[in-house]
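Listed below, chain by chain, are the residues.
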Protein chains: 2
Amino acid sequence: MSEDDEERADALFHALADRTRRDIMRRVLAGEHSVSALAAKYDMSFAAVQKHVAVLEKAGLLTKRRNGREQLASGDVRAVRSVASMLTELEQVWRGRIARIDELIAFDTTTHPDQED
Amino acid sequence: MSEDDEERADALFHALADRTRRDIMRRVLAGEHSVSALAAKYDMSFAAVQKHVAVLEKAGLLTKRRNGREQLASGDVRAVRSVASMLTELEQVWRGRIARIDELIAFDTTTHPDQED
DNA sequence: CAAACATACAACTAATCGGTTGTACGTTGT
DNA sequence: ACAACGTACAACCGATTAGTTGTATGTTTG
């Protein structure tokens, strides 16, 4: 696990650790939305929402595309998947633990058959 | 999505948004470790590590079991999977978007065959 | 051109975060 | 009994966060 990967993981998990940002992700994964269209949905200032969008963009969870005076945000599903794969990696670590426990059980039951249930 | 679920999601993503805590998760998913055994692995005070463990425990990512004077921490893979399922849910939103786009293309090509590539 | 709109960013504030040290308390081993 | 160990928690500190307001800049439209 490289230093850069860890920094990226920090940014991704942190970006998703806020309900407003998760809600923005749902909207921009469903389709393009301008920053002001998004801002209209929440009970906070335009600047606050714009900052949330900037956090998501920096983490790579969404990209922006200029269209006239609007900035259209679109969710990047690949970034979402990269987070999912980090969790899968964690789950693999756990599987290794279970596999080791199973080996121990197999050892006991083959060398000491009396220990079977 | 209930208020409680969002609060839980906040706690889970926030807990994972720190590299020390992710590293602790790798260790405790691989097997039980006492808090001091964990603390010995990092270049920070015992109290700092103990707080990281407490954050993970509050989020439900690990559980502790007393054994004499030690507190053995063990990773809970179900919590990891619950985070993964939140991401799957996000990906489903994106799939819906793609499905809608596909429908539009199908409509165009069946009603206006001239528009095909 | 001027007014309205969409965005970006700086400066500020209260709250939270990640770390520290110090203290208290139960458990273990001599 | 007592010293060492393992843990928990409070109090503090500097950095960061999530929000605010205000200002500047580019874009569209009347």
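For the structure, check the block above.
What you see is a predicted model, and the numbers here were worked out from it, not measured in a lab.

Conventions we followed
For every chain, the first residue of the written sequence is number 1, and numbering continues from 1 along that sequence. Think of it this way: whatever chain is written first is A, whatever ligand is written first is 1, and the rest follow in order. Totals for whole chains, interfaces and linings use all residues, but because this is a predicted model, local features are given only for residues with pLDDT of at least 70 and pairs of side-chain atoms are given and counted only at 80 or more. Whether a residue is near a molecule or strand depends on its C-beta atom, placed from the backbone, lying within 6 Å of it. Secondary structure elements follow DSSP: runs of H or I of four or more residues count as helices, runs of E of two or more count as strands, with numbering from the N terminus. Gly falls in the polar group here, along with every residue not listed as nonpolar (Ala, Val, Leu, Ile, Met, Phe, Trp, Tyr, Cys, Pro) or charged (Asp, Glu, Lys, Arg). By definition, a nonpolar core groups buried Ala, Val, Leu, Ile, Met, Phe, Trp, Tyr and Cys residues that connect through C-beta atoms lying within 7 Å of each other. Counts of 20 or more other C-beta atoms within 10 Å of a residue's own C-beta define buried residues, counts of 12 or fewer define exposed ones, and intermediate counts define partly exposed ones; C-beta atoms are placed from the backbone. Once C-beta atoms are placed from the backbone, any two residues with those atoms within 7 Å are in contact. We call two strands paired when DSSP finds no fewer than two bridges between them.

Attention shifts here to the protein's contact with DNA strand C. Looking at DNA strand C, there are 21 residues lining it, with Ser36 of chain A together with Ser45, Ala47, Ala48 and Gly68 of chain B nearest. Secondary-structure elements contributing two or more residues to the surface near DNA strand C are α3 (35-39), α4 (46-58) and β3 (70-75) of chain A together with α4 (46-58) of chain B. Examining the composition of the surface near DNA strand C, we find that four residues originate from one element, α4 of chain B, more than from any other. By residue class, the composition of the surface near DNA strand C is six nonpolar, nine polar and six charged.

Here we come to the nonpolar core. Membership of the largest hydrophobic core comes to 48 residues, with the highest contact counts inside it found for Leu12, Leu56 and Leu61 of chain A together with Leu12, Leu56 and Leu61 of chain B. Of all the secondary structure elements, the ones that give two or more residues to this core are α1 (3-16), α2 (19-30), α4 and α5 (77-111) of chain A together with α1 (3-16), α2 (19-30), α4 and α5 (77-111) of chain B. The residues contacting Leu12 of chain A, other than those within four sequence positions of it, are Ala59, Ala79 and Val83 of chain A.

Residue and element names in this part refer to chain B. Bridge count for strand β1 (residues 33-34) against strand β3 (residues 70-75) is two bridges, and the pairing is antiparallel. Paired with Ser34 across the bridge in β3 is Leu72. As judged from the six bridges shared by strand β2 (residues 62-67) and β3, these two strands associate in the antiparallel manner. Bridge pairing in β3 places Arg65 opposite Leu72. Linkage of β2 to β3, two consecutive antiparallel strands, is achieved through a turn of two residues, within which Gly68 is found at a positive phi near 65°.

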